[in-house]
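Here's the letter readout for the chains.
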There are 2 protein chains.
Amino acid sequence: MARGSTRPTSRDVAQAAGVSQAAVSLVLGDKWRGRVSETTAERVREAARTLGYRPNLAARNLRLGRTRTVLLVVPALTTEFFAGVYTGAARVAAEHGFGVVLYPSPEGIGPARDPFASAQAALDGVIASSMAADALTAIRGDQLPLVMLDSDPEGSLGAATVNLDIADGIRQVAEHLLSLGHRHFVHLAADVASWTFEVRARELAARLGPVLGTTLRTVRAPISIEGAVTAAEAALTGPGPRPTALVCDDDQLAAGAYKAARRAGLHVPHDLSVTGLDDLALATAIDPELTTVHLDAELFGERGMRALLAVLDGRAPEAGDIPVNLVLRGSTAPPPR
Amino acid sequence: MARGSTRPTSRDVAQAAGVSQAAVSLVLGDKWRGRVSETTAERVREAARTLGYRPNLAARNLRLGRTRTVLLVVPALTTEFFAGVYTGAARVAAEHGFGVVLYPSPEGIGPARDPFASAQAALDGVIASSMAADALTAIRGDQLPLVMLDSDPEGSLGAATVNLDIADGIRQVAEHLLSLGHRHFVHLAADVASWTFEVRARELAARLGPVLGTTLRTVRAPISIEGAVTAAEAALTGPGPRPTALVCDDDQLAAGAYKAARRAGLHVPHDLSVTGLDDLALATAIDPELTTVHLDAELFGERGMRALLAVLDGRAPEAGDIPVNLVLRGSTAPPPR
DNA sequence: CCACTGACGTTTTACGTATAACTACTCCCG
DNA sequence: CGGGAGTAGTTATACGTAAAACGTCAGTGG
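A. Geometry of the overall build of chain A. Counting its regular elements, chain A contains 12 helices and 11 strands. A buried classification covers 54% of the 337 residues belonging to chain A. Across chain A, the fraction of contacts at a sequence separation of at least 24, relative to all contacts at a separation of at least 6, is 71%. Carbon together with sulfur atoms contributes 51% to the accessible area of chain A, which is approximately 14,200 Å² in total.

Shown next as structure tokens:
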């Protein structure tokens with residue numbers, strides 16, 4: 001807050017109003033009922049207004065020992081998805097007088113860097129996406145109240161978790177494709193070490209395994225359009241029976257699969273069904289529109305923030321996964337015969 | 001920073017190391033050459049390590065009167081573009097020991113809210129996208145050093161500005177389309193009151209106007225796929241000669257234009273050429289790949305941060321717009337004859 | 001008439017850090 | 001052997017706020 005000609009302090013306001021600094025603090029902090037007269041209070045407010053007084057947050061934070069600021073750690077800003085998470089978290093936070101600061105695990109800055117060097121605001125707590133695993137050790141070292149988003153319930157050492165019911169989403173995808181008659185699947189898997197992506201693979205295998213005559217192959221791809229294209233090309237030309245359905249770990253991978261299919265001369269959905277997961281704007285921008293699992297990112301953020309507020313209050317956070325639902329669009333059809 | 005059992009302070013470290021608090025501050029602040037012996041310094045560092053000491057940032061900020069934290073205000077998080085801006089700014093900031101905090105003008109929270117309530121970190125300065133106009137009045141009221149991204153050089157009352165050379169990008173688009181033989185244009189304009197979007201309209205008119213026989217119509221659309229679709233449909237069925245080229249203010253609008261064209265039974269690029277602006281991942285996800293103006297978002301963020309650092313140092317920020325370049329892909333072709 | 005209460009404030013203190021100002025001790029040179 | 005120059009620290013203070021503890025005065029009931 002350093003300015004050349006320093007900003008007015010509560011003491012300046014006090015002097016202007018002809019009262020003590022304590023009185024200013026009481027009035028502006030709304031703690032003056034029965035302690036300061038209405039006329040004096042109004043004089044203080046008036047002085048604060050004309051001086052353009054704004055409290056020094058560093059001093060307030062130091063005094064109160066709390067900041068009403070929370071850090072939201074996300075894997076990157078590149079996805080709409082985490083934009084939604086932020087929006088939901090910030091809305092709930094605002095309702096409770098809290099602010100939210102973002103720490104995107106940055107490429108090019110290096111995860112080894114102290115996350116709090118990049119978000120120097122003092123913090124009351126942390127909400128962390130499990131996908132931003134790099135930063136987690138540093139966070140744990142800080143002993144701050146922590147809520148994990150989409151993290152292994154057992155692995156996070158007592159931290160509260162909020163999860164999307166991804167497994168149920170994959171179940172819906174599998175049942176949809178099976179009911180269309182598909183038997184030969186490829187799972188285009190995100191090449192990321194994260195519990196939430198393991199869930200996808202496990203659930204898919206669990207659903208397809210018991211159905212006689214099905215085959216399932218997994219191909220890994222980095223989460224980007226280009227990476228998905230080459231991985232999907234490999235998937236379509238691999239060994240065994242030609243797959244008729246491609247289950248993608250997210251919508252970006254699905255967009256890459258479209259391109260690979262075009263290059264291979266395959267028509268989506270008549271030659272190849274494709275499904276995504278996220279339901280980003282991208283899903284309806286591509287042709288045909290993508291059948292995908294809709295995730296309510298804002299609700300995810302809201303629930304995360306509520307859970308953190310609960311932890312800060314010593315209450316138990318709300319239990320139960322967030323439901324998701326499959327949105328049927330134009331990228332799935334019965335397999336070619 | 002409030003924890004139940006309070007965190008260790010520099011005084012705790014001092015006690016553990018058997019020195020005074022001042023010595024701890026000197027050692028950990030790297031100001032001890034010739035003031036503290038190497039052995040004592042090491043003892044202090046060791047004590048800090050075992051206690052898990054981390055300085056209280058609120059106290060440090062209060063003491064120093066500065067925070068080494070900067071606020072980046074962006075219109076929303078939904079675009080890759082501002083993710084790039086953030087990445088660039090954060091990289092430069094980290095090189096100078098600064099942190100960056102984001103304030104996304106949120107939907108659903110309301111722009112009337114004090115931006116600093118949502119980013120309660122104390123700040124040394126602000127970098128603001130001109131697209132986040134709502135927040136600007138509040139920012140100006142705070143008298144913080146300010147750098148504007150893509151703002152009217154005259155309109156921003158003395159604040160430093162960093163601009164992309166959007167006008168030159170539009171010039172490249174116009175010349176490309178004119179050289180292909182197009183004469184009937186529609187400008188799919190973002191329905192946003194912002195100087196940078198006015199530049200697009202002005203430059204396009206300036207380039208196409210002098211060429212005999214050209215027509216140019218402007219259609220406004222909100223920046224979203226759905227909004228763009230209806231606007232583009234209106235554009236294709238409007239009065240006058242049927243347009244053969246659609247110049248879009250950004251890539252998302254272009255994606256919407258693709259959908260409108262498909263619905264109208266028009267083939268891109270043979271029946272209709274489409275151009276975008278941004279060069280997001282979306283540009284290569286859609287079919288055909290989009291001819292668009294590439295903006296170097298990271299460089300934009302870097303230059304913004306450097307400009308702010310310059311202002312903070314009392315130096316003049318680097319002058320000159322950031323160059324942009326047209327990327328030719330598959331969405332433009334000569335007009336049908 | 002005196003203790004008590006309520007109204008309206010003020011004085012003082014603490015939060016944790018960084019650093020200016022000071023002290024004490026040793027060494028060394030003239 | 002006196003003093004100037006390091007060396008190795010310590011003591012004291014300020015940053016701006018919130019709030020606990022402390023006054024002061026007028027009115028009131030017993």
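More follows now that the structure is in view.
B. Molecular detail of the packing of aromatic side chains. Applying the stated criterion across every chain, the model contains zero aromatic pairs over all chains. A cation sits over an aromatic face here: R200 of chain A above F197 of chain A, 4.1 Å from the ring centre.

C. Summary view of the protein's contact with DNA strand D. Neighbouring DNA strand D are 25 residues, the closest being S10, Y53 and R63 of chain A together with S20 and T40 of chain B. For DNA strand D, a phosphate oxygen lies 3.4 Å from a polar atom in the side chain of K31 of chain A. Per-element accounting of the surface near DNA strand D gives the leading share, four residues, to helix α4 (residues 57-64) of chain A. The residue inventory of the surface near DNA strand D, partitioned by class, reads 10 nonpolar, eight polar and seven charged.

D. Representation of the sheet that holds strand β11 (residues 325-327) of chain B in the model. Residue and element names in this part refer to chain B. As summarised here, the arrangement of the six strands in space is β7-β6-β8-β9-β10-β11, forming an open sheet in which the pairing is mixed. Pairing within the sheet leaves two strands with one partner each, and these edge strands are β7 (215-221) and β11. Pairwise comparison of adjacent strand axes, ignoring direction, gives a mean angle of 20 degrees for this sheet. This element, helix α7 (residues 166-180), spans β6 (184-190), β8 (245-248), β9 (273-278), β10 (291-294) and β11 of the sheet and lies at about 165 degrees to β9.

E. Spatial organisation of the packing of α7 of chain B against helix α8 (residues 195-208) of chain B. All names here are of chain B. Where α7 meets α8, the axes come as close as 9 Å, and the angle between the chain directions of the two elements is 35 degrees. Judged by the twist between their axes, the crossing of α7 over α8 is right-handed. Residues I166, A167, I170, R171, A174, E175 and L178 of α7 pack against T196, V199, R200, E203, L204, R207 and L208 of α8. Residue composition of the contact of α7 with α8, grouped by class: eight nonpolar, one polar and five charged.

F. Molecular detail of the pairing of β6 of chain B. Residues and elements named next belong to chain B. Most of β6 sits inside the fold, with six of its seven residues counted as buried. In this structure, β6 lies alongside β7, joined through seven bridges in parallel fashion. Pairing of A189 across the sheet is with R220, part of β7. Handedness of the crossover is the feature at issue here: the chain leaves β6, passes through α8, returns alongside β7, and the resulting connection is right-handed. One ladder, built from four bridges, connects β6 with β8; its direction is parallel. Within the sheet, the bridge partner assigned to H187 lies in β8 and is V247.

G. Structural detail: unusual backbone geometry. In this chain, D287 of chain A is followed by P288 of chain A through a cis amide linkage whose omega measures 0 degrees. Mapping P288 of chain A onto the fold places it in the loop between α11 (282-285) and β10 (291-294). Positive phi, normally seen in glycine, also occurs at D279 of chain A, with a value near 65 degrees. When you line up the elements, D279 of chain A lands in the loop between β9 (273-278) and α11. Non-glycine residue D278 of chain B carries a positive phi angle of around 140 degrees. Inspection of the secondary structure assignment puts D278 of chain B in strand β9.

H. Representation of the pairing of β10 of chain B. Residue and element names in this part refer to chain B. Pairing of β9 with β10, which is carried by four bridges, proceeds in the parallel orientation. What sits directly across from T275, in β10, is T291. Where β10 and β11 come together, three bridges link them in antiparallel fashion. Within the sheet, the bridge partner assigned to T292 lies in β11 and is V327.

I. Fine view of the confidence of the model for chain A. Residue and element names in this part refer to chain A. Taken over all residues, the pLDDT of chain A has a mean of 78, while the share at 70 or more is 74%. Within chain A, the lowest mean pLDDT, 52, falls on helix α6 (residues 136-141), and the highest, 95, falls on strand β11 (residues 325-327). Across residues 106-120, confidence stays below pLDDT 50; counting only partners more than four residues off in sequence or on other chains, it has 33 contacts.

J. Local environment of the protein's contact with DNA strand C. In the vicinity of DNA strand C, 26 residues are found, and the nearest of them are S20 and S37 of chain A together with S10, Y53 and R63 of chain B. Per the 4 Å cut-off to the protein, sugar and phosphate atoms form 56% of the nearby atoms of DNA strand C. Taking S20 of chain A, its side chain carries an N or O atom lying 2.7 Å from a phosphate oxygen of DNA strand C. S25 of chain B places a polar side-chain atom, nitrogen or oxygen, 3.0 Å from a phosphate oxygen of DNA strand C. Among the elements that line the surface near DNA strand C, the one with the most residues is helix α4 (residues 57-64) of chain B, at four residues.

K. Looking closely at the nonpolar core. One finds L188 and V274 of chain A together with L188 and V274 of chain B to be the most contacted residues of the largest nonpolar core, which totals 62 residues. Sequence-distant contacts of V274 of chain B, defined by excluding residues within four places in its chain, comprise L246, C248, A254, A257, Y258, V268, L290, T291, S331 and T332 of chain B.

L. Main features of the sheet that holds β11 of chain A. Residues and elements named next belong to chain A. Read across the open sheet, the six strands follow the order β7-β6-β8-β9-β10-β11; overall the sheet is mixed. Unpaired on one side and paired on the other, β7 (215-221) and β11 mark the two borders of the sheet. The mean inter-strand angle of the sheet, taken between neighbouring strand axes irrespective of direction, is 20 degrees. Here strand β8 (residues 245-248) pairs with β9 via three bridges, running parallel. For A245, the partnering residue across the bridge sits in β9 and is S273. Along the sheet, helix α10 (residues 251-263) contacts β6 (184-190), β7, β8, β9 and β10; its crossing angle with β9, the most-contacted strand, is approximately 155 degrees.

M. Geometry of the side chain of S10 of chain A. Residues and elements named next belong to chain A. Within the element layout of this structure, S10 appears in helix α1 (residues 10-17). Owing to a relative accessible area of 16%, S10 belongs among the buried residues under this scheme. Not counting chain neighbours up to four residues away, the residues in contact with S10 comprise Q21, V24 and Y53.

N. Highlighting helix α3 (residues 38-51) of chain A. Residue and element names in this part refer to chain A. End to end, α3 covers 20 Å across 14 residues, agreeing with the expected 20 Å (1.5 Å per residue, within 8%). All of the buried residues along α3 are T40, A41, V44, A47 and A48. Buried residues of α3, viewed axially, fall in a sector of 125 degrees; they line one side. Opposite the buried face of α3, by more than 90 degrees, sit the exposed residues T39, R49 and T50. Following α3 by one or two positions, G52 adopts a phi angle in the positive range, close to 70 degrees.

Rules and cut-offs
Residues numbered from 1 in each chain as written. Chains lettered and ligands numbered in written order. Predicted model: local features only at pLDDT ≥ 70, side-chain atom pairs only at ≥ 80, totals over all residues. Heavy atoms only, no water. Helix = DSSP H or I, 4+ residues; strand = E, 2+ residues; numbered from the N terminus. Buried < 20%, exposed > 50% of the residue type's maximum accessible area, 1.4 Å probe, protein only. Contact = heavy atoms within 4.5 Å. Areas by Shrake-Rupley, 256 points an atom, 1.4 Å probe, with all protein chains shown as cover. Phe/Tyr/Trp six-rings, centres within 6.5 Å; stacked < 30°, edge-to-face > 60°. Lys NZ or Arg CZ within 6 Å of the ring centre and 35° of its normal. Near = heavy atom within 4 Å. Polar contact = N/O pair within 3.5 Å; in protein donor to acceptor, adjacent residues only side chain to side chain. Nonpolar A, V, L, I, M, F, W, Y, C, P; charged D, E, K, R; others polar. Pairing = 2+ DSSP bridges. Axes fitted to C-alpha atoms, helices over the stretch in contact; angles between N-to-C directions. Left-handed = near helix turned anticlockwise from the far one by under 90°. Right-handed = clockwise from strand over helix to strand, strands pointing away. pLDDT = per-residue confidence, 0-100. Core = buried A, V, L, I, M, F, W, Y, C linked by side-chain atoms within 4.5 Å. Expected span 1.5 Å × (residues − 1). Arc of directions from axis to C-beta.

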